[in-house]
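Each chain, letter by letter, is given below.
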Amino acid sequence: MKTKWKISPYLYLLPALVIVIAFRLIPIVMSFIISFFDWSLQGTGRFIGLENYQNMIHDPVFWQSMGNTLWLVIIQVPASIIFSLFFAVLLNRIKYLKGLFRTVYFMPFVTSLVAVSIVWKLIFNEQTGLMNTFLGYVGISPQGWLSESRGIFYLMFQDIGINLPRYLHGPSQALFAIIIMTVWKGLGYNTIIYLAGLQNISKVYYEAAEIDGASKSKQFWHITVPLISPTTFYVLLMTTIVSFQTFAQIYLMTDKGGPLNTTKLIVYYIYEKGFDLLEMGYASAVALTLFILILGLTILQRRLERHVTY
Amino acid sequence: MDRIRSTITYLILTIFGLTMIIPFIWMISTALMTQSEFNKQETLFIPKEEYYVWNNEGVKERILLVMEEGDTSVIHLLDEELNIKEEYKKVPSAQIELVRKKPSLHFSNFVKAFKKVPFGLYFYNTIYVSFLSLIGVLFTGLLAAYAFSRMEFRGRDFFFYLFLSMMMVPQPIYMISSYILLDKLNWLDTYNALIIPWTANIFTIFLFRQHFKALPKELFDAAAIDGCSVFGMLWRIVIPLSKPIIATASVFSLISSWNSFMWPLVMINRPELRVLQVGLSYFNQEASTQTTLLMAASTFSIIPILILFFFAQKQIIASYAKTGLKD
C-alpha cells in the first residue's frame, strides 16, 4: 500500500507522543547536557565541560558504589536465575496445588518494595530479628547483618579459621543481607517467566529421551537448559537491568548506604548527590555513566544471545 | 520411584514456599502483638499474653506480681488502662491466678498506626494518582496503538523505534533532569508531577499494538463498507474485542503506580501530597522503635494490592508471564 500524507494518524499518536517527548526524550537529552554543567538548582548552572566526569574518576565513593552495585548484580542475578529455574522445573512437574504454589512464590513480587523493605530491615535486626532467631536454631551465632561492614567471605572463612586476604573479603554482610532480600523479592517474576518457557517446550523431546534411556538429570542438562535459553537470556537481561536500579532497599533498610558506605549502590549515590547534596550536574554525570554501562551490557548480552541460542 | 520423587518435589516446594511467605506471616503476627511482647522476643508467630489476676471473691482484677512469700503475695493493682492504681497490696497467694491467652491479637495496633500518621490522606492521594494515571495510560495507549497497528503513515517506523528506545531507558537515569524540568514548569509539589508524566506508558502501547494487529482484517473491511468511520472502528470494534488486554494493562498500571516510590519521594515535599509509599517511608523513620505499629502500617499498605492479586491471581500471573514470551 502506498503511504500517503494524512493528518489523522498523527492526531491519534499525538497524546502519547507529547508525553513521551516531554517526559522521556527531553529529560534524557537534558541529563546528558546537565552532566557538563555545575548545576545546583538555583539559576541555570555553569558550563564546566568534562569536569564532572573528571571528578567522578577521582571520587572514591563513586568507585565504591560502582563496586557494591557490581557485587549485587554478580551475586543476585545468577542466584535469582538458578533458584527460579529450579522452582519452575519443580512447579512444572506437579499436578496438584500448582496454583497455590505459584501464588505463594509470586506474592513478594506484587507487594510494594517499601513495605517489604521495612519488614526485612526488622528481620535482619541483630537483637530482635527473625534471621538470627532461625540461625540460632541451627547453632549459628547472631550476625550483625545490616550493621556489619566486614566482608561476607571474610566472615565465613574466619569461622573455620582461615584469614582471607583483603581482596577476597567480598561484599559486606550488610550488602549480602540486601542481596538476599532482593533475590527473594524478584524470584517470583522470574519463576513465572521460566514456567511459561517450560510449558512451551514440546513433550516430544522428553519422550524421545525417555525411550533412549536418558536420566532425568541428563534430560535437564541436554534438553531443558538448551531449549529454555531464550528465556534465560530474557531473564538475565531484565534482572540485570532491574538490579542495577536498586534503590528503595538502600533508602529504607540502611543508614544512607552505611555501614562505611558498603551498601551504597550507584542509584542511591545518584539520589544522594542530586537531591541531598544538590550537586545535580555531578549526579547527572554518574547517571549517564550508569546508562552507558547498562546499554553496553544490553548490547553485549544481545550479541552473546545470537551466538548461543538454538 | 515416582511416588518418592513427587513427595520430594512437594517437600522442597513447601519449604521454599514457606520461606517466601514467612516475612508476610511475621509482619502480620508482629502487627498483632503488644510492643512489650515483641521486645521480650519470646513469641515467634502466634501472639500470646500472660498476666496475673487477683481473684477477689469472683471479681478479677489485673495486677503486677511484686513478690510471693509463702501464703501472702505483694501486688500492684492495675486499672483498665494498665496503670497502677494501688501499690504494694498484700493478698493471700491462693487468690492469685496466672492467665494465659493464646492467641491474643491486638487489632488496635492498626487503628493506632492509622491515626498516628494521616494514612487516610495517603490512601486517598495514592488512589487518586493511580486512577488518573490509569485513565491517561488507557487513553494515550489505545489511540497510539491504534495508529501504530491499523494505519499507514509517514514516519511510523521512526516513531515506533523512538518509543521503543525510550522504553529501554531506566527511570533513575532521567530522575534529576525530570526534577529540573518539573521545577521549571512549577509542577513540583503538585498532583501534576505525580500524574502527567505517567499518563503514557510505552509498554502498554506495545501490548495494545500487538493485540490490535492480530484482529481479523475482515471486521474492518465490513465496517468500512457499512460506512463506519476510523474512530468508530476503534470505539465499536477494537475496544470491545480488547477487554482482556485492557484489563491486563490496567492491572499493570495500577500495581506500578501503587508501588511507585522513588519518583513521588523526589518530586513531593508537602506532607499533604504524600502518597502511601512515601508516607510509609517517613513513618519508618519516625517510628522506628514502634515495631508493632510499623508492621501494622506495612500490612495495611499492601492489603489493597494483595486483594487485587488474590481476586485475579490467575489473570495477573498469566499477564506477567506473557511479558517474557518473545513474538
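Residues numbered from 1 in each chain as written. Chains lettered and ligands numbered in written order. Predicted model: local features only at pLDDT ≥ 70, side-chain atom pairs only at ≥ 80, totals over all residues.

1. What to know about the overall build of chain A
Helix and strand content of chain A: 14 helices and 2 strands. With the principal axes as the frame, chain A shows a C-alpha extent of 75 × 70 × 35 Å. The 310 residues of chain A split such that 43% are buried. (Helix = DSSP H or I, 4+ residues; strand = E, 2+ residues; numbered from the N terminus. Buried ≥ 20, exposed ≤ 12 C-beta atoms within 10 Å, placed from the backbone.)

2. Considering the interface of chain A and chain B
By convention, interface size is frequently given as the accessible area that disappears when the constituent parts associate. On the side of chain B, 69 residues touch chain A, which itself brings 74 residues to the contact. A per-element tally of the side of chain A that touches chain B places helix α1 (residues 8-34) of chain A first, with 19 residues. Looking at side-chain class alone, the side of chain A that touches chain B contains 58 nonpolar, 12 polar and 4 charged residues. (Contact = placed C-beta atoms within 7 Å. Nonpolar A, V, L, I, M, F, W, Y, C, P; charged D, E, K, R; others polar.)

3. Section: unusual backbone geometry
Outside of glycine, negative phi angles account for most residues, and trans bonds account for most peptide bonds. Cis geometry marks the peptide bond from G258 of chain A to P259 of chain A, where omega comes out at -5°. With respect to the secondary-structure elements, P259 of chain A resides in the loop between α12 (248-253) and α13 (266-276). Positive phi outside glycine occurs at L278 of chain A, with the angle close to 55°. Relative to the elements of secondary structure, L278 of chain A occurs in the loop between α13 and α14 (280-308). Taking the C-beta count within 10 Å as the criterion, L278 of chain A has 14 such neighbours and is therefore assigned partly exposed. Residues other than glycine seldom take positive phi values, yet N186 of chain B does so here, at roughly 60°. Tracing the backbone shows N186 of chain B in the loop between α6 (175-184) and α7 (191-195).

4. So, the domain arrangement of chain B
Residue and element names in this part refer to chain B. Under the domain assignment used here, chain B contains domain 1 (2-42), domain 2 (49-101) and domain 3 (111-323). Computed from C-alpha coordinates alone, the two centres of domain 1 and domain 3 are separated by 32 Å. At the junction of the two partners, domain 1 supplies 8 residues and domain 3 supplies 7 residues. Only α1 (2-31) and α2 (35-40) provide two or more residues apiece to the side of domain 1 that touches domain 3. In terms of residue count, the dominant contributor to the side of domain 1 that touches domain 3 is α1 (4 residues). For the side of domain 1 that touches domain 3, a count of residues per class yields 5 nonpolar, 3 polar and no charged. (Domains from an automatic or database assignment.)

5. With respect to the sheet that holds strand β5 (residues 96-101) of chain B
Residue and element names in this part refer to chain B. Pairing within the open sheet is antiparallel, and its 5 strands lie in the order β4-β3-β2-β1-β5. A single partner strand is all that each edge strand has here, and the edge strands are β4 (84-92) and β5. Each strand axis lies, on average, 45° off the axis of its neighbour in the sheet, ignoring direction. In terms of strand pairing, strand β1 (residues 49-56) meets strand β2 (residues 59-69) through 5 bridges, oriented antiparallel. Across the sheet, residue N55 finds its bridge partner in β2, namely K60. (Pairing = 2+ DSSP bridges. Axes fitted to C-alpha atoms, helices over the stretch in contact; angles between N-to-C directions.)

6. Re the packing of helix α5 (residues 113-123) of chain A against helix α14 (residues 291-311) of chain B
A pair of packed helices is captured by two measures, namely the crossing angle of their axes and the spacing between those axes. Interaxial distance between α5 of chain A and α14 of chain B falls to 9 Å at its minimum, and their mutual angle equals 150°. Classified by the interaxial angle, the pair formed by α5 of chain A and α14 of chain B is roughly antiparallel. Where α5 of chain A crosses over α14 of chain B, the handedness of that crossing is left-handed. Residues A115, I118, V119 and L122 of chain A of α5 of chain A pack against T291, L294, S298, S301 and I302 of chain B of α14 of chain B. Taken together, the residues that form the contact of α5 of chain A with α14 of chain B break down as 6 nonpolar, 3 polar and no charged. (Parallel < 35°, antiparallel > 145°, perpendicular 65-115°, else oblique. Left-handed = near helix turned anticlockwise from the far one by under 90°.)

7. Focus on the environment of L135 of chain A
Residue and element names in this part refer to chain A. With respect to the helices and strands, L135 occurs in helix α6 (residues 130-137). Residue classification places L135 among the partly exposed positions, given that 15 C-beta atoms sit within 10 Å. Contact partners of L135, with chain neighbours within four places excluded, come to I140 and Q143.

8. Some words on the environment of M156 of chain A
Residues and elements named next belong to chain A. By the element assignment, M156 lies in helix α7 (residues 152-159). With 14 C-beta atoms counted inside 10 Å, the residue M156 sits in the partly exposed group. A sequence separation of 13 residues divides M156 from H169, and the C-alpha atoms of the two residues are 9.5 Å apart.

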